[in-house]
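Structural description and commentary
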Amino acid sequence: MTVIALGADHAGWELKEALKAWLIENGLQILDFGTHSTNSVDYPDYALQVAESVAAGKAERGVLVCGTGIGMAMTANKVPGVRAALCSDPFTARMSREHNDANVLTLGGRLMDKELGLEILQMWLSTAFGGGRHARRLGKVAQIERRHLEGREEEPHGTS
Ligand code: RB5
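The shown structure was predicted, so the numbers you read here are calculated from the model rather than taken from an experiment. (Residues numbered from 1 in each chain as written. Predicted model: local features only at pLDDT ≥ 70, side-chain atom pairs only at ≥ 80, totals over all residues. Heavy atoms only, no water.)

**Observations concerning unusual backbone geometry**
The phi angle of most residues is negative, glycine excepted, and most peptide bonds adopt the trans form. The following threshold applies: Here a strand is any run of E in DSSP of at least two residues, a helix any run of H or I of at least four, and the numbering for each starts at the N terminus.
In this structure, Thr-35 follows Gly-34 across a cis peptide bond, with omega equal to 5 degrees. Structurally, Thr-35 is set in the loop between strand 2 (29-32) and helix 2 (43-55). Even without glycine at this site, Asp-101 takes up a positive phi of about 50 degrees. Relative to the helices and strands, Asp-101 resides in the loop between helix 4 (90-98) and strand 5 (104-108).

So this is what it looks like as structure tokens:
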């Protein structure tokens, strides 16, 4: 069964709850990392948990909602192996899967109503990665990530 990790801050909580209800109704398994109310919280705390669960293979995909979706995307993309895409409509959702093999979707809860959020989510979940030239390009993205990770590992040797 497909497992979807969910996370939101206070500005994304309402939309996250609507998406969660739809996912459950449609037989998907949910890992809800919160938040669980509209009390003010910090979006990186939720983005990190969702991103790490996807990177570790505990969830196949992740969905993150904050006010604009920007902070969630910025944070999730710091976790190696995560390809988080901020989508604003069904077209960007389709492209983020077909061309970018996005494994985390981020949405702006202050930018859209529940209906549009659900349309985006459904398109994003039902679109397959196109492979081919897109795989070659993602290979280059992964190479950049690896290069910077290797650089970080080397740092302590030169600084002691
Ligand atoms: C919270 O006010 C807001 O900054 C946050 O939800 C998000 O939009 C950040 O990118």
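After presenting the structure, the write-up continues.
**A word on the pattern of salt bridges**
So the rule is basically this: Should a side-chain nitrogen of Lys or Arg be within 4 Å of a carboxyl oxygen of Asp or Glu, the pair is scored as a salt bridge. Here the term buried applies to any residue with accessible area under 20% of the maximum for its type, exposed to any over 50%, and partly exposed to those in between, with areas from a 1.4 Å probe on protein chains only.
Going through the model one piece at a time under the given rule, you end up with 6 salt bridges. A salt bridge links Lys-16 to Asp-32; the shortest N-O distance between them is 3.1 Å. Highlighted residues: Lys-16 in helix 1 (residues 13-25) and Asp-32 in strand 2, separated in sequence by 16 residues. Among the ionic pairs, Lys-20 bridges to Asp-32, the shortest N-O distance being 2.8 Å. Of this pair, Lys-20 sits in helix 1 while Asp-32 sits in strand 2, and the two are 12 residues apart along the sequence. Relative accessible area serves as the criterion here: at 22%, Lys-20 is assigned to the partly exposed category. A single salt-bridge network, built from bridges that share partners, covers Lys-16, Glu-17, Lys-20 and Asp-32.

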